[in-house]
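# Geometric and topological summary
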Amino acid sequence: MNIGVLALQGAVAEHIRSIGLAGGHGVAVKQPQQLGSVDGLVIPGGESTTIGKLMRKYGFIDALRDFSQAGKPIFGTCAGLIVLAERLDGGEEPHLGLMNMTVARNAFGRQRESFETDLDVQGIESPLRAVFIRAPLIKEVGDDVEVLASYKGEIVTARQGHLLAASFHPELTDDYRLHGLFLDMARQAR
Amino acid sequence: METGTSRVKRGMAEMQKGGVIMDVMNAEQAQIAEAAGATAVMALERVPSDIRAAGGVARMADPTIVEQVMAVVSIPVMAKARIGHYVEAKVLESLGVDYIDESEVLTPADEVFHISKSEFTVPFVCGAKDLGEALRRIQEGASMLRTKGEPGTGNVVEAVRHLRLIFGQIRKVQNLSKDELYHEAKTLGVPYDLLLGVHETGRLPVVNFAAGGVATPSDAALMMHLGADGIFVGSGIFKSENPEKFARAIVEATTHYEDYALIARVSKDLGAPMKGIEISKLEPSQRMQDRGI
């Protein structure tokens, strides 16, 4: 199972490592042409404004909309979740606009408010250690979106068919179960 | 729920990887940097080349500048405190800056001791010019490193020297036997446990950016080619003829550092880069890299 990791900026190596631990093969994707050879794509954490700009510049917006249209799964973490959202709080222009949800950026505050915590995620047995870094929140989701985890009443993990989004960083811990869930989604989509 | 853990502080730097962090002196420059695709900005009163030119004591920026920058961008904002200046760092933390650079660019406040950084919630980045400095800063609690290079010179040679040295030393440590490691820890003046970690993993436990002399897109790509995790550009952007173009070009060259045709394309018609300084022309007292070892 080849899983691409969008390698424009951010925690690329960490995702490739987690994908490997979960039994897949992670590949850095720097050009849209590479999307043809992967079964799914992770959009990593990083700075969403930087990643969004570089995606536009290098033709990833249309390429990834086609990728998604073809039913290929996409997993966005932190900045990746922002990139996936249809609506951004504060009227900012969305990037891919694929997931039916409204996302607020830097929703917990600045870096000194960043934290880690144990999080119950649907479909995963025991709590997951979740690292939130200047993290976004999902303020509201459409009917077609399934909420997988909440923290203090706010949505932090969601799934819409072949699209998965987490506002924390599963790639920063050794717990690869969320990557495992994504690999299952990629297997089913094949 | 825990804040300020090592994972949260080091993780923040992981999210900057492959990115460019730009020095800015006011809100307008911060907006230009953000629009160009910077992953963070460093809010300063003066960029290093101006500090060099002005002489005198360089201190933490006026909090007004830091707050104005924080107000206009959504990307992380960093700010510099003097080496060993605990109170400047606490002041910056209270303002809510996202990262503190305990920096040799400013005049050191302490010639012996660095700030004990582990007791802060906000993470720190520090400069290093060899593996000994790198591991000492990590032991003190730095969550991110950068090569010192020679700030404000627009001359990449020192950044290259420091990055090559650190990687060369890491390769050497990887091949040492256990008994040799004890001795090497003593020679480098670093804690044995951190050195053992380097021996086992072949890497530093935190992100390491290049800094101190990057002036062109090709300079940035060279540092990425040599193994830097990302780039700090100080004077290189706002001391160039066309900051907006330079900023965009350096961001693209950093992302696609192995795509030489692309680097050629973004390097066209940029105008003049900042004027550089030949390192051998610097007096020993003007060498910022020798501060805070």
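Residues numbered from 1 in each chain as written. Chains lettered and ligands numbered in written order. Predicted model: local features only at pLDDT ≥ 70, side-chain atom pairs only at ≥ 80, totals over all residues. Heavy atoms only, no water.

## Regarding the sheet that holds strand β4 (residues 77-82) of chain B
All names here are of chain B. Strand order across the open sheet formed by eight strands is β8-β7-β6-β5-β4-β3-β2-β9, with parallel pairing between neighbours. Across the chains shown, the open sheet's two edge strands, defined by having one partner strand only, are β8 (207-209) and β9 (231-233). Across the sheet, the mean angle from the axis of one strand to that of its neighbour is 30°, orientation sign disregarded. Direction of pairing for strand β6 (residues 124-128) relative to strand β7 (residues 144-147): parallel, over a ladder of four bridges. Across the sheet, residue G127 finds its bridge partner in β7, namely R146. Contacts from helix α1 (residues 6-14) reach β5 (99-103), β7 and β8, with the element oriented near 85° to β5. Running over the sheet, helix α2 (residues 27-36) touches β2 (20-24) and β3 (40-43) and is turned about 165° from β2. (Pairing = 2+ DSSP bridges. Helix = DSSP H or I, 4+ residues; strand = E, 2+ residues; numbered from the N terminus. Axes fitted to C-alpha atoms, helices over the stretch in contact; angles between N-to-C directions. Contact = heavy atoms within 4.5 Å.)

## Quick word on helix α2 (residues 48-57) of chain A
Of all ten residues in α2(A), seven are buried; the element is thus mostly enclosed. Those residues of α2(A) that sit buried are S48(A), T49(A), T50(A), I51(A), G52(A), L54(A) and M55(A). Those residues of α2(A) that are buried lie in contact with β1 (2-6), α3 (60-69) and α4 (79-84) of chain A together with α12 (243-255) of chain B. (Buried < 20%, exposed > 50% of the residue type's maximum accessible area, 1.4 Å probe, protein only.)

## Details of the pairing of β2(B)
Residue and element names in this part refer to chain B. In terms of burial, β2 is largely enclosed, as five of its five residues are buried. Taking every second residue as pointing to the same face, both faces of β2 are buried, with V20, M22 and V24 on one and I21 and D23 on the other. Direction of pairing for β2 relative to β9: parallel, over a ladder of three bridges. When the sheet's bridge partners are listed, M22 is paired in β9 with V233. By the bridge criterion, four bridges tie β2 to β3 in an arrangement that is parallel. The residue of β3 that forms the bridge with M22 is V41.

## Notes on the confidence of the model for chain B
Across chain B, pLDDT averages 96, with 100% of residues at or above 70. Interface scoring of the predicted complex returns ipTM 0.95; its pTM is 0.97. (pLDDT = per-residue confidence, 0-100.)

## Things to note about the packing of helix α10 (residues 217-225) of chain B against helix α13 (residues 260-267) of chain B
Residues and elements named next belong to chain B. Two numbers describe how α10 lies on α13: the axes approach to 9 Å, and their chain directions differ by 150°. The angle between α10 and α13 falls in the class roughly antiparallel. Of the residues in α13, those in contact with P217, S218 and A221 of α10 are I263, V266 and S267. Broken down by class, the residue content of the contact of α10 with α13 amounts to four nonpolar, two polar and no charged. (Parallel < 35°, antiparallel > 145°, perpendicular 65-115°, else oblique. Nonpolar A, V, L, I, M, F, W, Y, C, P; charged D, E, K, R; others polar.)

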